[in-house]
Amino acid sequence: MASKPGILSEWPWAKLGNFKYLVLAPFVAHSIYVYSRERDIGYLLIFPLLLSRIIHYQIWISLSRYRTAKGNNRIVDRSIEFEQVDREKNWDDQIIFNGLLYYFGYLKMEQVHHLPLWRTDGMIITALMHIGPVEFIYYWFHRALHHHFLYSRYHSHHHSSMVTEPITAFIHPFAEVAAYYAIFTVPAIATEYTGTTSVASFALYVTFTDIMNNMGHCNFEVIPKWIFSIFPPLKYLLYTPSYHSLHHTQFRTNYSLFMPIYDYIFGTVDKSSDTLYEKSLEKKAEVPDVVHLTHLTTPQSIYHLRLGFASLASNPHTASSKWYLWLMWPVTLWSIMITWIYSHTFVVERNLFKDLKLQTWAIPKFRRQYFSQWQRKSILNLIEKAIMEADQKCIKVLSLGLLNQDEKLNNNGEVYVRKHPELKVKVVDGSSLVVAVVLNSIPKGTSQVVLPAHRLSKVAYSIALALCQRGIQVVMLDEEEYERLREKFTPEDATNLILSGSTGVSKTWLVEDGLSEEEQSKAPKGTLFIPYSPFPPKKVRKDCFYFNTPAMISPKHLQNVDSCENWLPRRVMSAWRIAGILHAIEGWNEHECGNMMFDIDKVWKASLDHGFSPLTMSSAIESKA
């Protein structure tokens, strides 16, 4: 909200929370009823119109976040944080307000039931009314909003976002939006008064304002220079994202709506507008120092990406999906088809860690596809292409996340290092830090842990060895794996290995995501399950605790963090991702893949030295099933 919220700042349906769309339910029901009796299709078109506007906005949001992550034509290099995402999560309030106005208008104004599709004179009047009264009134109203009295009570809420996104355009107190809509109705009133209203004049004007609002709040320049070269006076009639961005950073300049002419007339145009515009156009795509290569998890994970729904991306991705995502199955199905066809990684987000530029790239494949023999070759090629692209761009480190470093798939990334021995980019599977995080997650004073794995991975083997060397007993439930470890361990270390069919001793279990319900049922009440795999096990015990997958809390100097990494809490980063950062910032000049392991204590100390902190037991309690 604004620093000193004024009257009518809060939206009338704010207390309804996620049920706010129920406000429209009576009108939708009435529309269906009226259509069934009178066959007036106009009523039925209102809700699809609102839905189409939401989709339109979401396209702009996804495009903007993708472009700013890549960096080309980016305007402002400042970061977006969770606070801004939370403040802007109710951007769709104005959609509900729109719906109410449309329904009331269509219900009360009989003449709109018989509008022609097109009238040229009405289109001309709409354009003239916008260029004249709308732009003029908005300019002076906007300047008034910057008076300290109105600014502190209303407009400061909008200006809290220094770095704008398309949805920023619609983040205003209720009273302010109502005033804007009163201004935007001028063309409709004019065409109604002159009898020149048409479906086209209304629909196209709404679309025009939506496009201009979304475009103007993008944090990347989208208007090409040749347009102004062909027709120079256009600079007075068409604003650009960089033009409006200066209003958010300078506050007292560039007040105009979509047409800068009034800023030029009244002397409020920012002198750096042209310079910033040209600099933004010249800005190339950012080349990061470190890349984390991840992939999609479930079909619905596309909505939880930073490029998806901002409100979902800013919270951990839980096993239970939002109810409205099930209504979007056509889009989900379409995305699944795209993953079968699209053959290139894409940039998900960018971050800044001290002087290191970070990016996250995603393989367009779901978790289930990684276990398909038919998809195996395609996934291997995608990972290889990403590594080679990083090498060509002189990126320092590429860390492999989730199943991109699966031992069965590519031997923890070693396949690529052996195939391309000339690689300059360092390939990191993060195993050393994963082991360190798991070891430091075990409660102090623990003398025995259970390791129920049926097939020990590189990480599980290293954990077992480290625990035995520290004098902590490791209880194995699988005889074959027990014998394998005994053969590899020294006699002294092997004394702390125990083969047992009994599981009721230790309440600390080190597990992987394949832990079955039957195996979990054998654990005593109050057991703490600590995963060492990239994916967490299914939570089936309500009387036990489930720790997060190996991860650490990121320091405050990690910037531009406005989304969660899969199921992890806010500002918590997976150990695999952190490993790549440490590798680059420490200047370690070797790959960490295959059987290669770094000194665990050295890696752990480096993580703490650079500001990362371990998750506490409270995190495990909060994650209780």
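Residues numbered from 1 in each chain as written. Predicted model: local features only at pLDDT ≥ 70, side-chain atom pairs only at ≥ 80, totals over all residues. Heavy atoms only, no water.

A. Quick peek at the overall build of the chain. Within the chain, the secondary structure is distributed over 27 helices and 15 strands. Projected onto its principal axes, the C-alpha positions of the chain cover 95 × 55 × 50 Å. Residue burial in the chain is summarised as follows: out of 625 residues, 55% are buried. In the chain, of all internal contacts separated by at least 6 residues, the share reaching a separation of at least 24 is 72%. Carbon together with sulfur atoms contributes 61% to the accessible area of the chain, which is approximately 28,900 Å² in total. Looking at charge distribution, the chain has the averaged site of its 63 positive side-chain charges lying 3 Å from that of its 58 negative ones. (Helix = DSSP H or I, 4+ residues; strand = E, 2+ residues; numbered from the N terminus. Buried < 20%, exposed > 50% of the residue type's maximum accessible area, 1.4 Å probe, protein only. Contact = heavy atoms within 4.5 Å. Areas by Shrake-Rupley, 256 points an atom, 1.4 Å probe, with all protein chains shown as cover. Lys, Arg positive; Asp, Glu negative; His and termini not counted. Charge placed at Lys NZ, Arg CZ, Asp CG, Glu CD.)

B. Just helix 26 (residues 600–609), in detail. Those residues of helix 26 that fall on the buried side of the exposure criterion are Ile600, Val603, Trp604, Ala606 and Ser607. Each buried residue of helix 26 lies within a common arc of 160° when the element is viewed along its axis, so the set occupies one face. Summarising the geometry of helix 26, the exposed residues directed more than 90 degrees from the buried face are Asp601 and Lys605. The residue sitting at the N-terminus of helix 26 and contributing the capping side-chain oxygen is Asp599; that oxygen lies 3.1 Å from the backbone nitrogen of Asp601. Phi turns positive, to about 100°, at Gly611, one or two residues after helix 26. (Arc of directions from axis to C-beta. Polar contact = N/O pair within 3.5 Å; in protein donor to acceptor, adjacent residues only side chain to side chain.)

C. Up close: unusual backbone geometry. One non-glycine residue with positive phi stands out, namely Cys394, at about 60°. Residue placement: Cys394 occurs in the loop between helix 17 (373–392) and strand 4 (397–400). With relative accessibility at 64%, the residue Cys394 sits in the exposed group. Positive phi is not limited to glycine here, since Leu402 has a value of about 50°.

D. A look at the pairing of strand 4. Of the two faces of strand 4, both are covered, the one formed by Val397 and Ser399 as well as the one formed by Leu398 and Leu400. Across four bridges, strand 1 (residues 290–295) lies against strand 4 in parallel orientation. Opposite Val290, over in strand 4, you have Val397 as the bridge partner. By the bridge criterion, three bridges tie strand 4 to strand 5 (residues 426–428) in an arrangement that is parallel. Residue pairing across strands places Val397 opposite Lys426, the latter belonging to strand 5. (Pairing = 2+ DSSP bridges.)

E. Just the nonpolar core, in detail. Core analysis: the biggest nonpolar cluster contains 91 residues, and Ile383, Leu433, Ile463, Leu467, Leu510 and Tyr532 have the highest contact counts within it. If one sorts the elements of this core by residue count, helix 17 sits on top with eight residues. Tyr180, Met212, Leu257 and Met259 belong to the second largest nonpolar core, which has 50 residues in total. (Core = buried A, V, L, I, M, F, W, Y, C linked by side-chain atoms within 4.5 Å.)

F. Inspection of the sheet that holds strand 4 at higher detail. Strand order across the open sheet formed by six strands is 5-4-1-3-2-13, with mixed pairing between neighbours. For this open sheet the edge positions go to strand 5 and strand 13 (558–559), each flanked by a neighbour on one side alone. Two strands pair when backbone bridges link them, and strand 2 (residues 346–353) and strand 13 are joined in this way by two bridges, in the antiparallel orientation. When the bridges of strand 13 are listed, Phe353 appears paired with Leu558. With respect to the sheet, helix 17 is in contact with strand 1, strand 3 (356–363), strand 4 and strand 5, its orientation differing from that of strand 3 by roughly 160°. On top of the sheet, helix 25 (residues 575–586) reaches strand 1, strand 2, strand 3, strand 4 and strand 5; it is set at about 160° to strand 4, its chief contact. (Axes fitted to C-alpha atoms, helices over the stretch in contact; angles between N-to-C directions.)

G. Region of the structure containing the pattern of salt bridges. Throughout the structure, instances matching the rule amount to 27 salt bridges. Residue Arg484 pairs with Glu481 through a salt bridge whose shortest N-O separation is 3.0 Å. Residue Arg484 and its partner Glu481 are both found in helix 22 (residues 479–488); the two are separated by three residues, about one turn of the helix. Residue classification places Arg484 among the partly exposed positions, given a relative accessible area of 34%. Across the pair Arg541 and Asp543 runs a salt bridge, and its minimum N-O distance is 2.8 Å. Since its relative accessible area comes to 13%, Arg541 is described here as buried. Classification of Asp543 as partly exposed rests on a relative accessible area of 28%. (Salt bridge = Lys/Arg side-chain N within 4 Å of Asp/Glu carboxyl O.)

H. The environment of Pro555, seen in detail. By the secondary structure assignment, Pro555 is in the loop between strand 12 (551–553) and strand 13. On the basis of relative accessible area, Pro555 is assigned to the buried category, the value being 7%. Each C-alpha atom, one on Pro555 and one on Phe612, is 5.4 Å from the other, the two residues being 57 residues apart in sequence. Discounting residues that sit within four places of it in the chain, Pro555 has contacts with Phe353, Arg571, His610, Gly611 and Phe612.

I. Spotlight on the packing of aromatic side chains. Scanning the model with the defined rule gives 32 aromatic pairs in all. A centroid spacing of 6.2 Å and a plane angle of 90° characterise the contact between Tyr139 and Tyr255, whose relative ring orientation is edge-to-face. With Tyr139 in helix 5 (residues 120–145) and Tyr255 in the loop between helix 11 (241–250) and helix 12 (261–265), the pair connects residues that are 116 residues apart, well separated along the chain. Accessibility classification places Tyr139 together with Tyr255 in one group, the buried group. Seen from their ring centres, Tyr139 and Phe266 are 5.3 Å apart, and the 20° between their planes marks the pair as stacked. (Phe/Tyr/Trp six-rings, centres within 6.5 Å; stacked < 30°, edge-to-face > 60°.)

J. A look at the state of the cysteines. Inspection of the entire model under this criterion finds zero disulfides. Take Cys394: it sits in no disulfide, and the sulfur closest to it among the cysteines is that of Cys593, at 20 Å. (Disulfide = S-S within 2.5 Å.)

K. Seen up close, the sheet that holds strand 14 (residues 572–574). Read across the sheet, three strands follow the order 14-12-15 without closing on themselves; strand pairing throughout is antiparallel. Taken across any chain shown, the strands that pair with only one partner, and hence form the sheet edges, are strand 14 and strand 15 (613–614). Two elements, strand 12 and strand 15, share two bridges in a ladder whose sense is antiparallel. Of the residues in strand 15, the one forming a bridge with Met552 is Pro614.

L. Highlighting the side chain of Arg87. By the secondary structure assignment, Arg87 is in helix 3 (residues 82–87). Assessed through its relative accessible area of 12%, Arg87 is described here as buried. In this structure Arg87 touches His157, Ser160, Ser161 and Ile171, once residues within four positions along its chain are discounted.

M. Looking closely at a nonpolar patch on the surface. Together, Trp329, Leu333, Met337, Trp340, Ile341 and Trp374 give the surface a local cluster of nonpolar side chains, amounting to about 770 Å² of exposed area. Element by element, the count of residues in the nonpolar patch is highest for helix 16 (residues 329–341), at five residues. Accessibility expressed as a relative area gives 66% for Trp374, which makes it exposed. (Patch = residues over 30% accessible without salt bridge, like charges linked within 9 Å, V, L, I, M, F, W, Y side chains within 5 Å.)

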